[in-house]
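Residues per chain, in single letters:
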Amino acid sequence: MKLGIVGLPNVGKSTLFNTLTNANVDSANYPFCTIEPNIGVVHVPDERIEFLSEIYIPDKKTYATIEFVDIAGLVKGASKGEGLGNMFLSHIREVDAICHVVRCFDDENIVHVDGDINPLRDVETINLELIFSDLDMVEKAYSKAEKLIKTGDVIYKKRAAFLNKLKNHLLDGNMANTFNYSDSEYIFMNELFLLTQKPVLFVANVDETLINEDNDYLIKLKKYATTHNYEVIKICAKLEEEIMKLESDEKQEFFDELGISATGLENLIKSSYKLLNQISFLTAGKKEVRAWTITKGTKAPQAAGKIHTDFERGFIRAEVIAFETLKEYKTMSVAKEKGLIRSEGKEYIVKDGDIVLFRFNV
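The following paragraphs examine the structure supplied in this document. As the structure is a computational prediction, the values presented were derived from the model and not from experiment.

1. Some points on the overall build of the protein chain
- Summing up its helical and strand segments, the protein chain has 14 helices and 12 strands in all.
- Considering the protein chain as a whole, with its 362 residues, one finds that 46% of them fall into the buried category.
- A sequence separation of at least 24 residues applies to 68% of the contacts in the protein chain between residues at least 6 apart.
- About 18800 Å² of surface is accessible on the protein chain, with carbon and sulfur atoms providing 49% of the total.

2. Section: the sheet that holds strand β2 (residues 38-43)
- Strand order across the open sheet formed by six strands is β2-β4-β1-β5-β6-β7, with mixed pairing between neighbours. Of all the strands in the sheet, the pair left with one neighbour each is β2 and β7 (231-235). Looking at each pair of strands side by side, their axes are set apart by 25 degrees on average, direction ignored.
- Relative to strand β5 (residues 97-103), strand β1 (residues 2-6) runs parallel, the two being bridged by four bridges. The residue of β5 that forms the bridge with I5 is C99.
- Of the strands in this sheet, β1, β2, β4 (65-70), β5, β6 (200-205) and β7 touch helix α10 (residues 264-275), which is tilted by about 160 degrees from β7.

3. Some points on the pairing of strand β8 (residues 278-284)
- In terms of burial, β8 is largely enclosed, as six of its seven residues are buried.
- Across seven bridges, the pairing between β8 and strand β9 (residues 288-295) is antiparallel. Paired with S280 across the two strands is T293, which belongs to β9.
- Between the end of β8 and the start of β9, which pair antiparallel, lie three residues.

4. Section: unusual backbone geometry
- Positive phi is not limited to glycine here, since F193 has a value of about 55 degrees.
- For F193, the location among the structural elements is in the loop between α6 (186-190) and β6.
- Relative accessible area serves as the criterion here: at 58%, F193 is assigned to the exposed category.
- For K330, which is not a glycine, the phi torsion comes out positive at approximately 75 degrees.
- With respect to the secondary-structure elements, K330 resides in the loop between α13 (323-329) and α14 (332-337).

About the cut-offs
Residues numbered from 1 in each chain as written. Predicted model: local features only at pLDDT ≥ 70, side-chain atom pairs only at ≥ 80, totals over all residues. Heavy atoms only, no water. Helix = DSSP H or I, 4+ residues; strand = E, 2+ residues; numbered from the N terminus. Buried < 20%, exposed > 50% of the residue type's maximum accessible area, 1.4 Å probe, protein only. Contact = heavy atoms within 4.5 Å. Areas by Shrake-Rupley, 256 points an atom, 1.4 Å probe, with all protein chains shown as cover. Pairing = 2+ DSSP bridges. Axes fitted to C-alpha atoms, helices over the stretch in contact; angles between N-to-C directions.

None of the figures reported here should be taken as evidence of function without further support.
So, in structure tokens, the structure goes:
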């Protein structure tokens, strides 16, 4: 699963990406520093892995991962090719969700592509370019469907009607993710791969003074996000970059000084994972403690198939205990004695944090 980091030039995208991945990609004070997208795989922080590792002392521990793609800054007119926009928009089309970085700080030494700081204007600029790009795609699909109506196949008439409604929705300045469509129209929507249909998470890039408070920029962005059902993660990309250079004991001292329990990056990674509708179940033993990524709602046999296809084909049952239950009773042996390990069948939907042992026939 890929999450694309987007935004206007000079809002802190590459600094954020550098800190997330330690990739040390170019980050400079001028537009279009990033041309080709940079890709980095990031571990999803998980205290459950640490807890289980203390119990099993495994040879190996493996975290869930998420892929971040650093996409170059968009500008007004990107959908018409401004600033190499068409190429950058195609990069966004390849990701599963969007991490929209918005500048919420003043700094006269860092230029803004539009001259002054205005988060809501910046959000609107990006949104409109994504809408325009989608509109172009929908209009082309509509023209094609209209021509095919002549074949007499009723499906093309239905598709054209659907696309016309969607086109008008976009023309009104609305995102595709707010468009209502019926179950029978799902196939029409699903084949379009629209940019504005993708899940969105806002990252408010602030300065060091705003770690424990909000300025007017951030308050306005949060109000907008709440109205549109988006989440906002507050991060000081510059400060996070400095934190990454500290040793673990120095980090804790720094956290205590700031009055925080986790970095903004950790919150961002966890929220991104959730945004993609992903959860983790865990397996534990001497050889490995591991988090396995599945889509929320996955049943036990399919979850077993993430480990090995043989596990899914020969699935018998899953022996399950919730992480919080194990954490309460400290050891698996005590949990077994108290009958807290459940036996679940093929219809069981695996929950986030389930510790699972699969039984199967070879």
